[in-house]
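Understanding the architecture of this molecule
Read off the chains here:
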Amino acid sequence: MKPFTFMRSLRNKLLATLVLLHLAMIGGVTWYFYHCYGDMMGTMKDDQLAKIADAWSSSQRMPALMPMVMQQEKLKSTYIVQLWDTNNHLRASSWPALQAPLQAKKGWSDLKVGDCGDDCDWRVYTRPGELGSEIGNIQVLHNIGYMKSLMVKRVLSAIIPLMLMMPLSLLVIWLVVRAITRDLRVASRQIAAQETLHPHSVSPDGLPDEVLPLVAAYNSLLDKLRAAWSSQRQFLEDAAHELRTPVTAVTLQLENLRQHIQPGEASRQFDQLEAGVTRTRHLVTQLLNISRQEDQSVVATVETIQLDDLLKESIEQLMVVADKRGIDIGFNGTTHYRLHASRSDLRSLFDNLIGNAMLHTPEGSLVDVLLHRVGNHTVVDIVDNGPGMPESFIERAFDRFTRSPDVQAQGSGLGLSIVRSVAQKHQMQVALSNCHNAQGQISGLQVRVTLP
């Protein structure tokens, strides 16, 4: 079941709150108007009942009342007059069919005639006739149900404008809130577009005052992160420089010592020592490269580069590794591509990718480097027929010091991190994907570099 996320939005919360407030306001106005108008109508009706009764009480003789001839519903909208003699007998009525009894209580009272809901409720005013008059009691009635229906109509006529105004007012509020939050969306896009290793502060210009503390806290956190990354980069660079000289010295001493190593167990252990020193020298070089890539103060020399020539240079330099492991590496360029970039950066990118392909495939495998067009983009594909990479690991392959648990070859875990840093600097995209054979089994790895 999907979580209910509508109320997680500040705009939606504000609109929902305003809808509830509008509905509560309409309900309150309805209740207030209904009761105030009802009290006013009730007072006015009671006063009219009394005045009509007073007018009939001035007559000394029993007059003849002409029954009203109209529909029953219309009769309920009129005042009904009943004249009773001194013996409490009904002598005249403007609606004879209404069987309303004489009320013993003088003054105003409520009376129910029949059993038909509000339409059978009547408001009655009863008063005695004058002394010496044939009229013993006068009773004037009006229908309460008709008055309530009239009140409902008046209330509806009063609240309909409020109901019609609610969508318009909500639209205006929504537009105002949308305009206010536009700057927040701009700020969020700025944050989302930042480089991972080189974030910049968010400008507070145009943002609401309520959001400024959050922006200030975010910028403060960025300052701390930049300081931490700067310290880390400086540490890596210092450590790599400090290690570079002794490792180089050990390498030269090993080269001088090799001719004195006797065949057998001593030679085997010497080979292991030499391989370890070689890996250490490679790690130091990678640390220097990644430190250089992340240092924004270093301005690389940009030149126009013919990409197919650069790829051939990278392959030629790695042919020693290919020959040693029996790797058949080939280049196929079906298009030409020029770009303005740092030659050292691009060599670092493609040397790492092609070197990884040769390092992580079995001896005697194939590695193809392809420069071609895919759709509207020029891409470089580096394809091998090795064991591939676990799908769950592909997303983390570019993290530092991260190596797939299935990889047996030695490495520093920094090559793809350097590749990502160079690609981001030159607006390139690098993607890893496994190749599959006809049976759906992994048959190699493809690295695609999409050029800008």
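The protein has the name histidine kinase in an unreviewed UniProt entry, where Candidatus Pantoea communis is given as its organism. Among the UniProt annotations of the protein, the heading Catalytic activity (unreviewed entry) holds the following wording: "ATP + protein L-histidine = ADP + protein N-phospho-L-histidine."

Thoughts on the packing of helix H6 (residues 307-317) against helix H8 (residues 343-359)
Running from amino to carboxyl end, H6 crosses H8 at an angle of 55 degrees, the nearest separation of the two axes being 10 Å. Taken together, the axes of H6 and H8 are oblique relative to one another. The hand of the H6/H8 crossing is right-handed. Taken together, the residues of H8 that come into contact with H6 (itself represented by Leu-307, Leu-310, Leu-311, Glu-313, Ser-314, Ile-315 and Gln-317) are Arg-343, Leu-346, Arg-347, Phe-350, Asp-351 and Ile-354. In terms of residue class, the contact of H6 with H8 is made up of 7 nonpolar, 2 polar and 4 charged.

Considering the UniProt feature "transmembrane region" (unreviewed entry) in the protein
Taking the numbering used here, the UniProt-annotated feature "transmembrane region" (unreviewed entry) corresponds to residues 12-34 and 155-177. This span, residues 12-34, is 100% helix and 0% strand, and a straight line between its end C-alpha atoms measures 32 Å. In residues 155-177, the share of helix is 100% and the share of strand is 0%. The end C-alpha atoms are 32 Å apart.

Some details on the sheet that holds strand E11 (residues 429-436)
Read from one edge to the other, the open sheet built from 5 strands follows the order E7-E9-E10-E12-E11, with strand pairing classed as mixed. For this open sheet the edge positions go to strand E7 (328-333) and E11, each flanked by a neighbour on one side alone. For this sheet the average axis-to-axis angle between neighbouring strands, irrespective of direction, equals 20 degrees. Note: strand E10 (residues 377-384) against strand E12 (residues 442-450), 5 bridges, orientation antiparallel.

Criteria and cut-off values
- Residues numbered from 1 in each chain as written.
- Predicted model: local features only at pLDDT ≥ 70, side-chain atom pairs only at ≥ 80, totals over all residues.
- Heavy atoms only, no water.
- UniProt positions renumbered as here; feature names shortened; annotations may be inferred.
- Axes fitted to C-alpha atoms, helices over the stretch in contact; angles between N-to-C directions.
- Helix = DSSP H or I, 4+ residues; strand = E, 2+ residues; numbered from the N terminus.
- Parallel < 35°, antiparallel > 145°, perpendicular 65-115°, else oblique.
- Left-handed = near helix turned anticlockwise from the far one by under 90°.
- Contact = heavy atoms within 4.5 Å.
- Nonpolar A, V, L, I, M, F, W, Y, C, P; charged D, E, K, R; others polar.
- Pairing = 2+ DSSP bridges.

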